[in-house]
Amino acid sequence: WGRAGVAAGPDGTIYAETGDGPYDPATSKYGDAFVALSPKDLKLKDYYTPSNWPWLNRKDLDLGCLSPAAFRYKNRDLIAGGGKEGRLVLLDAKSMGGKTHDNALFRSPVYSNEDLYSAGRGFWGSLTTWEDDKGTRWLYAPGWGPVHSKAPAFPVKNGPVTEGGLMAFKLEEKEGKPVLTPAWISRNMNVPEPAIVANGVVYLVSSGENTLQADSEGRLMNSEQRIKTSPGHAILYALDAETGKELYNSGDTMPAIAHFSGIAISNGRVFVTTLDSNLYSFGLDEQ
C-alpha cells in the first residue's frame, strides 16, 4: 500500500518495504523487511529486517503500507521508513542493517498505533523529505490515529489530534549518528495521505475515508458504499513546512473521499483525485 512504491538512491539502487510473510534469507524470503535491489535486474543487494519481525508478522503490523524515502544527509546516504507499528527507522544505504541485517542507525519510539490496530493506525502511504534554505533536513510522516500516549512530545502542536495528523521531524546528529527529532504535528486530520513540499509549503489531503473497507457484516463495500459510510470527505490542506500552521484548506469542495490517493503539483496547480473518479485542480495563488 505504499503510495510511491519504491525509492531510488543516488546510484540507482531501488529500495522497498515488504509486507507480512515468511522471513528466511536462506530461501530468499524477506517478509517484513527493507530490501535494496539493483536497478537493472532487481537482484537483491542488501536488506534490513526489524528484530521484532515475528511479532510484527503475527499482529499484521507489516512494513508494506509505507514507501521509504532515500536522501543524502551530510556524508551519508540514508533510507527512512516505517509502517503500521507507528515506528520510524533510519538506515545506512551502504549497509542497511549491519552484519546481522537487523541493526538500524536509528529506531524511533512508537508514535502511533497504541491499540495495535492493523487497518487504520501507524504510518501509511509514503514519507516526504525536504531540505530548507538553512540546510535543515525535514521528514514528514502521515500518522493514522491518535498519537501514542508515551511518544515524545512535539514542541509545536496545531490542535488536538484524535484521528490522525502529519508528523514533522528534523534530522539531527547525536553521538555521530543521525536521529529524528520531533518538531511539529499538524491539526487533526481524518486519514492523512502523503505530502508534497513546494516553496516552503506542505500540501496533503485528509482522505476522510473509513479504513475498515467492510460493512458491519464483514462484506467488502464498493466505492459508492464506502463514500456513504465514511466519516468525512477529502480535504486539501496547505501547511507551513517549518511550523505546521494551517495556511489553507479546501473545505467542502470535494464531497467524496480519497482512497490510497496522492497529489501532484505542476505549473502552479495542485491536482487531487477522489474515489468517485473526479480530478480537482487548485491554483496556488499568493495572497
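Residues numbered from 1 in each chain as written. Predicted model: local features only at pLDDT ≥ 70, side-chain atom pairs only at ≥ 80, totals over all residues. Heavy atoms only, no water.

A. The arrangement of the side chain of Ser207 in detail. Along the chain, Ser207 turns up in the loop between strand 20 (201-206) and helix 2 (223-229). Using a relative accessible area of 0% as the deciding quantity, one classes Ser207 as buried. Beyond its immediate chain neighbours, meaning those up to four positions away, Ser207 contacts Asn190, Val191, Glu193, His233, Ala234, Ile257 and Ala258. (Helix = DSSP H or I, 4+ residues; strand = E, 2+ residues; numbered from the N terminus. Buried < 20%, exposed > 50% of the residue type's maximum accessible area, 1.4 Å probe, protein only. Contact = heavy atoms within 4.5 Å.)

B. Fine view of the packing of aromatic side chains. In the structure shown here, the tally under the stated rule is twelve aromatic pairs. Here Tyr23 and Tyr30 contribute two aromatic rings whose centre-to-centre distance is 6.5 Å and whose plane-to-plane angle is 70°, an arrangement assigned as edge-to-face. When sorted by exposure, Tyr23 lands in the same class as Tyr30, which is buried. Among the aromatic residues, those joined into a cluster by ring pairs are Tyr23, Tyr30, Tyr47 and Trp53. (Phe/Tyr/Trp six-rings, centres within 6.5 Å; stacked < 30°, edge-to-face > 60°.)

C. Examining the pairing of strand 14 (residues 128-131) more closely. Alternating positions in strand 14 separate cleanly, Thr128 and Trp130 being buried on one face and Thr129 and Glu131 remaining unburied on the opposite face. Relative to strand 15 (residues 137-144), strand 14 is paired through four bridges, and the arrangement is antiparallel. Across the sheet, Glu131 pairs through a bridge with Arg137, a residue of strand 15. (Pairing = 2+ DSSP bridges.)

D. Looking closely at unusual backbone geometry. Despite not being glycine, Asn113 has its phi angle at roughly 65°, a positive value. Of note, Asn113 is situated in the loop between strand 11 (106-107) and strand 12 (122-123). On the basis of relative accessibility, which here comes to 2%, the residue Asn113 falls in the buried class. If you check the backbone angles, Asn267 has positive phi at about 50° while not being a glycine. Take Asn267: it is sitting in the loop between strand 23 (263-266) and strand 24 (269-273). The class of Asn267 is exposed, set by a relative accessible area of 77%.

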